[in-house]
Protein chains: 4
Amino acid sequence: MSSLTLTEAHEIISTGLAKAEATGVLIAISVVDPRGDLIAMARMDGAPWRTPAISRGKAIASACFGRSSGEMTDGSQSPVMRAVMAQLDGDFIPGQGALPVFRDGVLVGAAGGSGAASQEDEDAVRAGIEAAGLSATA
Amino acid sequence: MSSLTLTEAHEIISTGLAKAEATGVLIAISVVDPRGDLIAMARMDGAPWRTPAISRGKAIASACFGRSSGEMTDGSQSPVMRAVMAQLDGDFIPGQGALPVFRDGVLVGAAGGSGAASQEDEDAVRAGIEAAGLSATA
Amino acid sequence: MSSLTLTEAHEIISTGLAKAEATGVLIAISVVDPRGDLIAMARMDGAPWRTPAISRGKAIASACFGRSSGEMTDGSQSPVMRAVMAQLDGDFIPGQGALPVFRDGVLVGAAGGSGAASQEDEDAVRAGIEAAGLSATA
Amino acid sequence: MSSLTLTEAHEIISTGLAKAEATGVLIAISVVDPRGDLIAMARMDGAPWRTPAISRGKAIASACFGRSSGEMTDGSQSPVMRAVMAQLDGDFIPGQGALPVFRDGVLVGAAGGSGAASQEDEDAVRAGIEAAGLSATA
């Protein structure tokens, strides 16, 4: 299983937080490996305490299914989605703000944001993924 | 309580996985006894980590009510279904992919798949049940 | 991350269960990947319902620390072990019966047994690991 | 409530990880605010999946009581400690590896490591705290 490196995760986070700062919002960004295990997380000064866990939960959902977490909201009342949310005790969040990360077409993890409007959360991590020379689509 | 044997469970799994391989999908199959307790599970190389738990949850739902788990989706927002899902912490999944297993008209367990489109999950376990000389209907 | 294949997992299980049968005990064997996610599980006819979850919990502990789960019992009251047991809701069992699995010195998973005396559980999985041409030590 | 800044957290992490690298061990470091909420976490490439949660749990314990988490092990079987560990579902770990962080005598958070011998975990975060111009003692 190929995974994002810590160096790549930090590139995603630093560009993503710079994007949020330019937008004037306070967020946290979590980066996980393909299994959903955390590689790195950073919360901006002043971003709410809840944002690390929520950004991580979105990233876990995105890594688990290899899709943007926002695309999963429509199906989030399906029995499978409800079950996975229960199995992971809330650490799986099919809500907008995270994107999968692909390197040469291979899923290597996901990045999720929390703290701003969900489109802004997603825009921040997308900027980070692109700055790291990676892609949010296979 | 009459139950599937381990030999039967392995027949269901090996035929089911061969069917999935022929279809070109990667799945896990779980086989449970009438109580919903796991008899055997196998995950194909490359099938996602989430598939053992989801295939098992579908099989548990199917064994619990003696019905295909897909038939239960429409009613899955009822208070009873929501309660059972909560009682079992997400290990009860009324979503398509599992079928009950009958021997001579008696419920002896259930088999569930996860990893492909839900119809393909169901098709794989149906092939396995039939290959084992058992039936998905009373 | 290199992992046991399903074929290897089934070799471990079939030899391990044959060993248990020769000993006259009823067990379940779980095989997990290095992350602790289940690859395959089989429960002998007549082995108690609790054995799949217990064998899996021992295998998870063994994979998590790359050690025999039995060696971890002495330290199981340490704060870290108590915390991991709580974090995983009981799905981490530092008790005898599981062994890590190495291929060419690399940890590729773990196998755990449950149902007999814990030394017999361990003996069964050791026989399986050796029959598969793998090793329980780095 | 005065808190470590994200910049300070990243200084602690980068120096701490450099110290671990020099020692030849693979760890994760978590930095939390005085409330125990995560500010930043980084896991070295190859450090086990369990290390983010364990390093965070040690840091939470350290921030909660303003003491080194290692000093708390002796009392960890007291009813209060057992209760706090239960209340936080394992996310409170009174085991060596985390230190509180003081700025001008005021508790501003804590930093914890996981992945190496617990003394090495602690040494890494101590190096980070000192490099950031902060102190592990009031």
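Now for a description of the structure that goes with this document. Nothing here was measured: the structure is a model prediction, and the numbers come from that model.

1. Points about the overall build of chain A
Phase 1: From N to C terminus, chain A includes four helices and four strands.
Phase 2: Overall, chain A shows an N-to-C arrangement of helices and strands of α-β-β-α-α-β-β-α.
Phase 3: The principal-axis extent of the C-alpha atoms belonging to chain A is close to 40 × 35 × 20 Å.
Phase 4: When each of the 138 residues of chain A is scored for burial, the buried share is 55%.
Phase 5: The contacts of chain A with a sequence gap of at least 6 include a subset with a gap of at least 24, amounting to 65%.
Phase 6: Working note: accessible area of chain A is about 5,000 Å², and carbon and sulfur atoms make up 51% of it.
Phase 7: Charge separation in chain A, taken as the distance between the mean sites of 10 positive and 16 negative side-chain charges, equals 5 Å.

2. Side note on the relation of the copies chain A and chain D
Phase 1: When chain A is fitted to chain D, the best match, at an RMSD of 0.1 Å, comes from turning it 180 degrees and sliding it 0.1 Å along the axis. The superposition of one copy onto the other is thereby described by a two-fold rotation axis. Of the C-alpha atoms belonging to chain A, the one lying closest to the rotation axis is found on A:Met41, 2.5 Å away.

3. Focus: the nonpolar core
Phase 1: Ranked by internal contacts, the top residues of the largest apolar core, which has 65 residues, are A:Phe92, B:Phe92, C:Phe92 and D:Phe92.
Phase 2: Each residue touching C:Phe92, except ones within four places of it in the same chain, is listed here: C:Gly57, C:Ile60, C:Ala61, C:Cys64, C:Phe65, C:Met72, C:Met81, C:Val84 and C:Met85.

4. Notes on the packing of helix 1 (residues 6–23) of chain B against helix 4 (residues 118–131) of chain B
Residue and element names in this part refer to chain B.
Phase 1: Taken N-terminus to C-terminus, the directions of helix 1 and helix 4 make an angle of 135 degrees; their axes are 7 Å apart at the nearest point. For the element pair helix 1 / helix 4, the angle class is oblique. In this structure, helix 1 meets helix 4 at a crossing whose hand is right-handed. Contacts from Glu-11, Ile-12, Thr-15, Gly-16, Lys-19 and Thr-23 of helix 1 reach helix 4 at Glu-120, Asp-123, Ala-124, Val-125, Ala-127, Gly-128, Ile-129 and Ala-131.
Phase 2: Of the residues in the contact of helix 1 with helix 4, the class split is six nonpolar, four polar and four charged.

5. Side note on the pattern of salt bridges
Residues and elements named next belong to chain A.
Phase 1: Counted under the stated rule, the structure contains 26 salt bridges over all chains.
Phase 2: With a shortest N-O distance of 2.9 Å, Arg-126 and Glu-122 are connected by a salt bridge. Placement of the pair is Arg-126 and Glu-122 together in helix 4 (residues 118–131), with a separation of four residues, close to one helical turn.

6. Some details on the sheet that holds strand 3 (residues 98–103) of chain B
Phase 1: An order of 3(B)-4(B)-1(B)-2(B)-2(C)-1(C)-4(C)-3(C) is seen for the eight strands of this open sheet, with the pairing classed as antiparallel. Strand pairing shows two members of the sheet lacking a second neighbour, strand 3 of chain B together with strand 3 (98–103) of chain C, which therefore form its edges. Ignoring which end each strand starts from, the neighbouring axes of this sheet average 20 degrees apart.
Phase 2: In this sheet, strand 4 (residues 106–114) of chain C lies alongside strand 3 of chain C in antiparallel orientation, the contact comprising six bridges.

7. Thoughts on a negative patch on the surface
Phase 1: On the surface, a cluster of negative charge is made up of A:Asp89, B:Asp89, C:Asp89 and D:Asp89.
Phase 2: C:Asp89 sits in the exposed class, given a relative accessible area of 57%.

8. Looking at the side chain of D:Glu122
Residue and element names in this part refer to chain D.
Phase 1: Using a relative accessible area of 8% as the deciding quantity, one classes Glu-122 as buried.
Phase 2: A polar atom in the side chain of Glu-122 sits 3.1 Å from the side chain of Gln-96.
Phase 3: Those residues within four positions of Glu-122 in sequence are excluded, and the remaining contacts are Gln-96, Gly-97 and Leu-99.

9. As for the sheet that holds strand 4 (residues 106–114) of chain A
Phase 1: The eight strands are arranged 3(A)-4(A)-1(A)-2(A)-2(D)-1(D)-4(D)-3(D) in an open sheet whose pairing can be described as antiparallel. Two strands in the sheet have a free side with no partner beyond their single neighbour: strand 3 (98–103) of chain A together with strand 3 (98–103) of chain D. Within this sheet the neighbouring strands show an average axis-to-axis angle of 20 degrees, counted without direction.

10. Remarks on helix 4 (residues 118–131) of chain D
All names here are of chain D.
Phase 1: In a regular helix each residue adds 1.5 Å, so 14 residues correspond to 20 Å; helix 4 covers 20 Å between its end C-alpha atoms and thus fits that length.
Phase 2: Listed in full, the buried residues belonging to helix 4 are Asp-121, Glu-122, Ala-124, Val-125, Gly-128 and Ile-129. All buried residues of helix 4 project into a common sector of 160 degrees when viewed along the axis, lining one side.
Phase 3: Against the buried residues of helix 4 lie helix 1 (6–23), strand 1 (28–32), helix 2 (51–65), strand 3 and strand 4 (106–114).

11. Things to note about unusual backbone geometry
Phase 1: Of note in the backbone geometry, A:Asp89 takes a positive phi value of approximately 50 degrees without being a glycine.
Phase 2: By the element assignment, A:Asp89 lies in the loop between helix 3 (79–87) and strand 3.

12. Remarks on the side chain of A:Arg43
Phase 1: In this fold, A:Arg43 is placed in strand 2 (residues 38–43).
Phase 2: A polar side-chain atom of A:Arg43 sits 3.3 Å from the main-chain carbonyl oxygen of D:Asp37.

13. Some thoughts on the interface of chain A and chain D
Phase 1: Counting residues at the interface gives 17 residues for chain A, matched by 17 residues for chain D.
Phase 2: A buried area of about 1,300 Å², summed over both sides, lies between chain A and chain D, and 50% of it is on carbon and sulfur atoms.
Phase 3: On the surface where chain A and chain D come into contact, there are two salt bridges.
Phase 4: Where chain A meets chain D, there are 11 residue pairs in polar contact (both at pLDDT 80 or more).
Phase 5: Elements with a contribution of two residues or more to the side of chain A that touches chain D: helix 1 (6–23) and strand 2 of chain A.
Phase 6: Considered class by class, the residues forming the side of chain A that touches chain D number 11 nonpolar, two polar and four charged.

14. Topic: the packing of aromatic side chains
Phase 1: Under the counting rule described, the total for this entry stands at four aromatic pairs over all chains.
Phase 2: Note on A:Phe65 and A:Phe92: the rings are 6.0 Å apart at their centroids and 75 degrees apart in plane angle, and the pair reads as edge-to-face. Placement of A:Phe65 in helix 2 (residues 51–65) and of A:Phe92 in the loop between helix 3 and strand 3 is noted, with a sequence separation of 27 residues between them.
Phase 3: Look at A:Phe65 and you get partly exposed, because its relative accessible area is 22%.
Phase 4: Since its relative accessible area comes to 0%, A:Phe92 is described here as buried.
Phase 5: Here C:Arg35 stacks its cationic end above the ring of D:Trp49, 3.6 Å away from the centre of that ring.

Parameters at a glance
- Residues numbered from 1 in each chain as written.
- Chains lettered and ligands numbered in written order.
- Predicted model: local features only at pLDDT ≥ 70, side-chain atom pairs only at ≥ 80, totals over all residues.
- Heavy atoms only, no water.
- Helix = DSSP H or I, 4+ residues; strand = E, 2+ residues; numbered from the N terminus.
- Buried < 20%, exposed > 50% of the residue type's maximum accessible area, 1.4 Å probe, protein only.
- Contact = heavy atoms within 4.5 Å.
- Areas by Shrake-Rupley, 256 points an atom, 1.4 Å probe, with all protein chains shown as cover.
- Lys, Arg positive; Asp, Glu negative; His and termini not counted.
- Charge placed at Lys NZ, Arg CZ, Asp CG, Glu CD.
- Least-squares fit on C-alpha atoms with pLDDT ≥ 70 in both.
- Core = buried A, V, L, I, M, F, W, Y, C linked by side-chain atoms within 4.5 Å.
- Axes fitted to C-alpha atoms, helices over the stretch in contact; angles between N-to-C directions.
- Parallel < 35°, antiparallel > 145°, perpendicular 65-115°, else oblique.
- Left-handed = near helix turned anticlockwise from the far one by under 90°.
- Nonpolar A, V, L, I, M, F, W, Y, C, P; charged D, E, K, R; others polar.
- Salt bridge = Lys/Arg side-chain N within 4 Å of Asp/Glu carboxyl O.
- Pairing = 2+ DSSP bridges.
- Patch = residues over 30% accessible without salt bridge, like charges linked within 9 Å, V, L, I, M, F, W, Y side chains within 5 Å.
- Polar contact = N/O pair within 3.5 Å; in protein donor to acceptor, adjacent residues only side chain to side chain.
- Expected span 1.5 Å × (residues − 1).
- Arc of directions from axis to C-beta.
- Buried area = accessible area lost by both parts, 1.4 Å probe.
- Phe/Tyr/Trp six-rings, centres within 6.5 Å; stacked < 30°, edge-to-face > 60°.
- Lys NZ or Arg CZ within 6 Å of the ring centre and 35° of its normal.

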